[in-house]
Each structure stands twice: as C-alpha cells, then as structure tokens.
Amino acid sequence: MKKWLWIISAVGLITIGCSGLQAGSSLISSPTVNRIVGESDTESESAEAEVEQNEQRAKQDAFLSGSSEAETETVHSPEPLTELEIRYDTPSLNSVTLSRGPIEVKVSYTAREDITPENRPLLRYEIFHEGELSVKDAAIAVGSGSVLIGDFDQDGGMEVAVQAFTGGAHCCLSTTVYSWNGRNFNKLSLDEMLGGEFEDIDGDGSYEFVTIDSDFLAKFSSYAGSVAPPMIFSLVDGEFINSTQDYPDYIYSKIADLEHRNQQQMNAHSLLAAYVASKSLVGEVESGWAYMLNHYSQDPALGLGMSIRDQNGEVVDRHPNFPTALEAFLIEQGYL
Ligand SMILES: [Ca+2]
Ligand SMILES: [Ca+2]
C-alpha cells in the first residue's frame, strides 16, 4: 500500500470578521482541504493516525489564527484554495489583495447596515495575471461571499472563483469562475439556487463543485423540508460539466445518510424522491424503487407534488398516488 505524503499549507486562508454565522453564510464553507502532493513508501497505521491528527490541528490553527501569516508545516495535507471570506461582520474592504502564483485579486467591499433590495452591498474585484489587469467585475454580496484562487482542474492554469449570497429567503448564491486559458480568463457561471462548495471529494487534487439538484426543492415537500439528490460539476476543458455519476462513493455516502434519516422520518416523500434519484445515479434504481414502495405513505395529507400540469403550468389533473407522481417527475428530470 502506498501512503501519500502530505504537505500542509495554511498560507492562503484569510478570514475577515469575527465568529458567527448568518443565513446564507453557512452555505459557503471553506473548501474541504484536498490532497496529494507526492508519495513515500512508509506504511504504518499509527503514523497515519498521527498524520490525520496533525492535519486536523493545522486546519484548526489556520481557522483560529484568522490571519494571513504564513504557517507552513511539512505534514500531510492537501493544498487548500487561497480564500478570502466575507461575512456579515466583515468591515468595508478597500483593495485588499489576495494572491497566488501569477494571480492577484484586488477585492473591495462596502459593508452596510441598512441593506434594502435597492441598496445591497457590492463585492468588487479586479483580477490580475502576472501584474496585468484582466478582469474587472462585481457581485452583490449580502453579508456573505468569498473569493477563491487555485488550479481547480490541475491543468496548470489558475482559476478564480467568486461566490456571493445575493439575499432572499430561499435564494441565491451566485458562483462565478474565471478560468485562465493561457491568454485571458474564461468567465463561467454556476448559478445554482443553493450554491455549492468547491471540494476535492475524491482526493485527486482537482476541485469539484458540489451542490444538489435544486429541481427537487419544494416538489414533494415545503421548500425548507425538501431533500435533494447530490449534483457535482467538474471543470473539463474550460467548462463545467455535470459529472455526478463519476463519484459513486460520494453518492453512496449520501444514500446511506438518506436511509439513516428515513428511519427517523418515516414516509417523507421528498426524502424518498431524493433516495430513488440517488440510487438511479449509481445504477441501482430497481432497489431504490422497491425501498420507496416499502416506505411511502398513502396519507392524502402528504399530497404535495401530485398535481399534473399542462404546458402553461395550469393544474389539469392529479396523480392517483405518490409512486405515480414520482415516476413522472423522475422521467421528466432524466433519472428514469
Ligand atoms: Ca486550471
Ligand atoms: Ca477531485
């Protein structure tokens, strides 16, 4: 068995603001540390445990320090994305510079206490490549946002991602990625309703954009009570593509989580819908469907999502039961 040699680099994390979260900010958490920098041939369980402990400690230190001071330890770890985080208590910023390799991002932000729909704080940024201004842009950021730098797809060209909470109860996190193509930046938008996080979920060094299929929200349950299957996007040849099915281990972990939750929350149709869709993603739709049939409720009170609508969205009929409604929905969404 080969053991990876990790290098912890906590250099890049800059957190501005104090503790505390507000609505929306929890949706942008720091990216999970990724891995892989080389290998060694030592193998020992206890050494592995120690490495894990060191990794945890370094991550905590990085968060607790809240400073941009360089703290480099030669222990195992992935190379985190360089990050600047905006939170509700972040003061106004004037051309704060975040840099990594050939990239420099100058970030300005106007903190406001009197936020109205017409008067929302702006996160303004300029992206430089080797000292040359290449992008000047802005995003509405209501008390939550982040700027990330890293080589997301490990192709040698840097990416800059800007995520921001645009305000509202159920909406929205905007995510824009600027990907260096050798001459300039391609601008890519990932406008998922709930946003997502950049994580290296399979540990190969490339960052995936991890989110959920938001079409499941408010379908078979209230918005807040809804459960949705995972959705993953990967940056391939300068574009984000839906690569969910390339990550079966991740989907299986979500399936196990849904089974666990179903034991506590029987007959929740939204959860069962997400379950069948997730099983479909790993090629196990038959057993997923059988599980749903064993657990769904015939209680007419759980009737959300039963309407049959025409092309104009007008209700023209009603599905006789949940499995029929679910089947129609999953076909429409491409899961069946
Ligand atoms: Ca890249
Ligand atoms: Ca990856």
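Residues numbered from 1 in each chain as written. Chains lettered and ligands numbered in written order. Predicted model: local features only at pLDDT ≥ 70, side-chain atom pairs only at ≥ 80, totals over all residues.

Enquirer: Please set out helix α4 (residues 285-295) residue by residue, giving values where relevant.
Expert: In an α-helix, one turn spans 3.6 residues, which is why side chains three or four residues apart end up on the same side. For α4, the set of buried residues is Gly288, Trp289 and Met292. Buried residues along α4 cover an arc of 100 degrees about the axis, so they all sit on one side. The exposed set on the far side of α4, more than 90 degrees from its buried face, consists of Glu286, Ser287, Leu293 and Asn294. As for α4, its buried residues are in contact with α3 (269-281) and α5 (322-332). (Buried ≥ 20, exposed ≤ 12 C-beta atoms within 10 Å, placed from the backbone. Helix = DSSP H or I, 4+ residues; strand = E, 2+ residues; numbered from the N terminus. Arc of directions from axis to C-beta. Contact = placed C-beta atoms within 7 Å.)

Enquirer: An account of the sheet that holds strand β16 (residues 208-212) is needed here, citing residue identities and associated values.
Expert: Sheet architecture is open: four strands sit in the order β15-β16-β17-β18, paired in antiparallel fashion. One side of each edge strand has no neighbouring strand; the edge strands of this open sheet are β15 (197-199) and β18 (239-242). Within this sheet the neighbouring strands show an average axis-to-axis angle of 35 degrees, counted without direction. Examined bridge by bridge, strand β17 (residues 230-236) and β18 share four bridges and lie antiparallel to one another. Counted as the bridge partner of Val236 is Glu239 from β18. (Pairing = 2+ DSSP bridges. Axes fitted to C-alpha atoms, helices over the stretch in contact; angles between N-to-C directions.)

Enquirer: Help me get a handle on the nonpolar core, residues and values and all.
Expert: In terms of nonpolar packing, the biggest core is built from 65 residues, with Val105, Leu123, Val147, Val160, Ala273 and Ala274 touching the most fellow members. A per-element tally of this core places α3 first, with eight residues. Domain assignment of the residues forming this core places at least three in each of domain 1 (3-212) and domain 2 (250-332). (Core = buried A, V, L, I, M, F, W, Y, C linked by C-beta atoms within 7 Å. Domains from an automatic or database assignment.)

Enquirer: Describe the packing of helix α2 (residues 248-264) against α3, with residues and values.
Expert: As a packed pair, α2 and α3 sit with axes 10 Å apart at the nearest point and diverge in direction by 155 degrees. One finds that α2 runs roughly antiparallel with respect to α3. Remark: the crossing between α2 and α3 carries left-handed chirality. Facing Ile251, Lys254, Ile255, Leu258, Arg261 and Asn262 of α2, the residues of α3 in contact are Leu271, Ala274, Tyr275, Ser278, Lys279 and Leu281. For the contact of α2 with α3, the class distribution of residues is seven nonpolar, two polar and three charged. (Parallel < 35°, antiparallel > 145°, perpendicular 65-115°, else oblique. Left-handed = near helix turned anticlockwise from the far one by under 90°. Nonpolar A, V, L, I, M, F, W, Y, C, P; charged D, E, K, R; others polar.)

Enquirer: Residue-level account of α2, with values.
Expert: Relative to the 24 Å expected for 17 residues at 1.5 Å per residue, α2 spans 25 Å between its end C-alpha atoms, a close match to the ideal helical length. Regarding α2, the residues found buried are Ile251, Lys254, Ile255 and Leu258. Angularly, the buried residues of α2 cover 105 degrees about the axis, an arc narrow enough to put them on a single face. Seen from the buried face of α2, the exposed residues on the opposite side, beyond 90 degrees, are Asp249, Ala256, His260, Gln263 and Gln264. Where the residues of α2 are buried, they touch β17 and α3. (Expected span 1.5 Å × (residues − 1).)

Enquirer: Please provide a residue-by-residue account of the pairing of strand β6 (residues 82-86), values included.
Expert: Burial analysis of β6 places five of its five residues in the buried class, the great majority of the element. Where burial is concerned, the two faces of β6 agree: the one with Thr82, Leu84 and Ile86 and the one with Glu83 and Glu85 are both buried. Sheet analysis places β6 next to strand β11 (residues 145-150), joined by five bridges and oriented antiparallel. Counterpart to Thr82 in the pairing with β11 is Ile149.

Enquirer: Lay out the packing of α3 against α4 with the relevant residues and their values.
Expert: The geometry of α3 relative to α4 is characterised by a closest axis approach of 7 Å and an angle of 165 degrees between their N-to-C directions. Judged on the interaxial angle alone, α4 and α3 are roughly antiparallel. Taken as a pair, α3 and α4 cross one another with a handedness that is right-handed. Across from Leu272, Tyr275, Val276, Lys279 and Ser280 in α3, the residues of α4 making contact are Val285, Ser287, Gly288, Trp289, Tyr291, Met292 and His295. Considered class by class, the residues forming the contact of α3 with α4 number seven nonpolar, four polar and one charged.

Enquirer: How would you explain the pairing of β16 if you had to name every residue and give the values?
Expert: The side chains of a regular strand alternate between both faces of the sheet. When you tally the buried positions in β16, you get five out of five residues, the bulk of the element. Here β15 runs beside β16; their pairing, made up of three bridges, is antiparallel. The residue bridging Glu199 from the neighbouring strand is Glu208, located in β16. Here β16 pairs with β17 via five bridges, running antiparallel. Paired with Glu208 across the bridge in β17 is Ser234.

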